[in-house]
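The lines below spell out each chain.
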Amino acid sequence: MTEHTVGLLVVISGPSGVGKTTIVHSIKDDFNAVFSVSATTRPQSKKEIDGKDYFFVTPEAFEAKIQLNEFLEHAEVFGCHRYGTLREPVTTVLSSGNIILLDIDVQGGMQIHKNMPESVRIFILPPSDDELLRRLEARGREDEDSIQRRFREAKSEIRFAQESGAYEYFITNDNLDLAIAETAAIIKNVRTNTASTS
């Protein structure tokens, strides 16, 4: 039996300050993967390119796409703008045998679990609450109130991810290189097993 390259949808989630973005970019480079571009109703800035940074759509168009079941997952963020992962670009990448990466929150992860159960869903954890707080503070981007709010949200998101059943894999980012290697090993393992059984 000859193996063929199998497309794979990989969801990577985790709270602010956990190092998730660095891991996602490293995995993208290692596997020559495609990063999923989200659709959003928020206004396009001058520096952003439609179709590269986001697919910018009107609230009416977004709602129409929901009714037509064109999203794998979608959510309203901070009670104003909506974001979602369109089904067609994802299935196009998968049919070409490539890996597509989604960097989304737990709510999105739960929807992907339901809509594409064959996907690989990984949640990145901090080594401890104290270390997560230290990393949030070390970024130096926000005032103390904002940091504490993000810290509370992060703890809530971690608990939700662990209880939701949406994630198969949990990786603790105590050492970034090891966390990247562990994430890559999971993807390679799933890909190999999928190829050998298809």
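So, here's what we can say about the structure. (Residues numbered from 1 in each chain as written. Predicted model: local features only at pLDDT ≥ 70, side-chain atom pairs only at ≥ 80, totals over all residues. Heavy atoms only, no water.)

### Considerations on the overall build of the protein chain
Stage number 1. Across its full length, the protein chain carries 7 helices and 9 strands.
Stage number 2. Taking 198 residues into account, the globule formula puts the C-alpha radius of gyration at 16 Å, and the protein chain, at 17 Å, falls close to it.
Stage number 3. The proportion of buried residues among the 198 residues of the protein chain is 42%.
Stage number 4. Accessible area of the protein chain: about 10900 Å², with a carbon and sulfur share of 49%. (Helix = DSSP H or I, 4+ residues; strand = E, 2+ residues; numbered from the N terminus. Rg over C-alpha atoms; globule rule 2.2 N^0.38 Å. Buried < 20%, exposed > 50% of the residue type's maximum accessible area, 1.4 Å probe, protein only. Areas by Shrake-Rupley, 256 points an atom, 1.4 Å probe, with all protein chains shown as cover.)

### As for unusual backbone geometry
Stage number 1. Although it is not a glycine, asparagine 32 adopts a positive phi angle of roughly 50 degrees.
Stage number 2. Within the fold, asparagine 32 resides in the loop between helix H1 (20-31) and strand E2 (34-35).
Stage number 3. Given a relative accessible area of 64%, asparagine 32 falls into the exposed group.
Stage number 4. Positive phi, close to 60 degrees, is recorded for asparagine 69, a residue that is not glycine.
Stage number 5. Along the chain, asparagine 69 falls in the loop between helix H2 (59-67) and strand E5 (71-77).

### Some words on the pairing of strand E8 (residues 120-125)
Stage number 1. Across the 6 residues that make up E8, a large majority, 6, are buried.
Stage number 2. Residues Val120, Ile122 and Ile124 line one face of E8 and the alternating positions Arg121, Phe123 and Leu125 line the opposite face, and both faces are buried.
Stage number 3. One ladder, built from 4 bridges, connects strand E1 (residues 8-13) with E8; its direction is parallel. Within E8, the residue paired with valine 11 across the bridge is arginine 121.
Stage number 4. Across 4 bridges, E8 lies against strand E9 (residues 169-172) in parallel orientation. Bridged to leucine 125 within E9 is threonine 172. (Pairing = 2+ DSSP bridges.)

### Some words on helix H7 (residues 176-197)
Stage number 1. Across its 22 residues, H7 extends 32 Å between first and last C-alpha, which sits within 8% of the 32 Å expected from 1.5 Å per residue.
Stage number 2. Residues of H7 that are buried: Ala179, Ile180, Thr183, Ala184, Ile186, Ile187, Val190, Arg191 and Ala195. Viewed along the axis of H7, the buried residues span an arc of 155 degrees, placing them on a single side of the element. In H7, the exposed positions angled more than 90 degrees off the buried face are occupied by Asp177, Leu178, Lys188 and Thr197.
Stage number 3. Residue asparagine 175 occupies the N-cap position of H7, its side-chain oxygen lying 3.1 Å from the main-chain nitrogen of aspartate 177. (Expected span 1.5 Å × (residues − 1). Arc of directions from axis to C-beta. Polar contact = N/O pair within 3.5 Å; in protein donor to acceptor, adjacent residues only side chain to side chain.)

### A closer look at the packing of aromatic side chains
Stage number 1. All chains considered together, the criterion is met by 6 aromatic pairs.
Stage number 2. Here the aromatic rings of phenylalanine 123 and phenylalanine 170 are separated by 5.9 Å at their centres, their planes lie at 50 degrees, and the arrangement is tilted. Taken together, the positions of phenylalanine 123 in strand E8 and phenylalanine 170 in strand E9 put the pair 47 residues apart, joining distant regions of the chain.
Stage number 3. Its relative accessible area of 31% is what places phenylalanine 170 among the partly exposed residues.
Stage number 4. Three or more aromatic residues joined by ring pairs make a cluster, and in this case those are Tyr54, Phe56 and Tyr83. (Phe/Tyr/Trp six-rings, centres within 6.5 Å; stacked < 30°, edge-to-face > 60°.)

### Comments concerning the packing of helix H4 (residues 106-115) against helix H6 (residues 144-164)
Between two packed helices, both the angle of their axes relative to each other and the distance between the axes serve to describe the pair.
Stage number 1. Relative orientation of the contacting elements H4 and H6 amounts to 15 degrees, with a least axis distance of 10 Å. When the axes of H4 and H6 are compared, the pair comes out roughly parallel. Read as a crossing pair, H4 and H6 show a hand that is right-handed. Across the interface between the two elements, Val106, Gln107 and Met110 from H4 touch Glu157, Phe160, Ala161 and Ser164 from H6.
Stage number 2. Residue classes in the contact of H4 with H6 are distributed as 4 nonpolar, 2 polar and 1 charged. (Axes fitted to C-alpha atoms, helices over the stretch in contact; angles between N-to-C directions. Parallel < 35°, antiparallel > 145°, perpendicular 65-115°, else oblique. Left-handed = near helix turned anticlockwise from the far one by under 90°. Contact = heavy atoms within 4.5 Å. Nonpolar A, V, L, I, M, F, W, Y, C, P; charged D, E, K, R; others polar.)

### Some details on helix H5 (residues 129-138)
Stage number 1. Along H5, the positions that sit buried rather than exposed are Glu131, Leu132, Leu133, Arg135 and Leu136.
Stage number 2. Two residues or fewer after H5 comes glycine 140, characterised by a positive phi angle close to 65 degrees.

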